[in-house]
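Reading the structure
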Amino acid sequence: MEYDSLWRRGFRSTAHCYSGCGAGEVVGMVSIAGALATGSTLVQAAGTFALAYVFGYALTMGPLMQEGEEFRSAFMDALYSETPSITVMEITAIGTDLLLAGGAKFDEVLFWGSLVFSLSVGFLFAYPVNAALVRFGVKEGMMNPKEMRDDSGHTAD
């Protein structure tokens, strides 16, 4: 990668956000709609939304705390840098999921197909938000992988 553009950094940032929020959303849908068999759409949406934030913040805070940052500082960093993209991603993803499969049950193909599709929609909507956050210096956009080194001095490939 000879040139690390804003859009590449925005894409990496969105992929990072997507991994945390997507995991939270899947856990939320599977646990709340599936295992708990909660029929309430409001409970499913609110619970999934909350879990997406927990997972998204955790994926940002964990590495910061490993580098020595205190919990409060890491939380504030996650709050400022992740909240806009998580909010956009989850509103569009959960909204799409409810629109397509609001009454679908855990064992139906519509439930799972809608979940996959809605996560993709969330990614697409969060991408320009993450790129803007990188552009304005709120996020770093996940560094260029060629510039990341481990302790032995080898580049991460």
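Residues numbered from 1 in each chain as written. Predicted model: local features only at pLDDT ≥ 70, side-chain atom pairs only at ≥ 80, totals over all residues. Heavy atoms only, no water.

Points about the packing of aromatic side chains
Going through the model one piece at a time under the given rule, you end up with nine aromatic pairs. Judged by centre distance (5.5 Å) and plane angle (50°), the ring pair of Trp 7 and Tyr 127 falls under tilted. Placement of Trp 7 in helix 1 (residues 6–35) and of Tyr 127 in helix 4 (residues 109–135) is noted, with a sequence separation of 120 residues between them. Here the aromatic rings of Tyr 57 and Phe 75 are separated by 5.8 Å at their centres, their planes lie at 90°, and the arrangement is edge-to-face. Separated by 18 residues along the polypeptide, Tyr 57 in helix 2 (residues 41–66) and Phe 75 in helix 3 (residues 71–101) bring together distant segments of the chain. Residue Phe 75 is classed as partly exposed on the basis of its relative accessible area, which comes to 30%. One aromatic cluster is present, formed by Trp 7, Phe 11, Tyr 18, Phe 123 and Tyr 127 through successive ring pairs. (Phe/Tyr/Trp six-rings, centres within 6.5 Å; stacked < 30°, edge-to-face > 60°. Helix = DSSP H or I, 4+ residues; strand = E, 2+ residues; numbered from the N terminus. Buried < 20%, exposed > 50% of the residue type's maximum accessible area, 1.4 Å probe, protein only.)

Details of the environment of Gly 102
Among the structural elements, Gly 102 can be located in the loop between helix 3 and helix 4. As for Gly 102 and Thr 41, which are separated by 61 residues in sequence, their C-alpha atoms are 7.0 Å apart. For Gly 102, the contacting residues outside a window of four places in its chain are Thr 41 and Asp 97. (Contact = heavy atoms within 4.5 Å.)

Describing the side chain of Thr 14
Take Thr 14: it is sitting in helix 1. On the basis of relative accessible area, Thr 14 is assigned to the buried category, the value being 0%. Only 2.7 Å separates the side chain of Thr 14 from the backbone oxygen of Gly 10, close enough to count as a polar contact. (Polar contact = N/O pair within 3.5 Å; in protein donor to acceptor, adjacent residues only side chain to side chain.)

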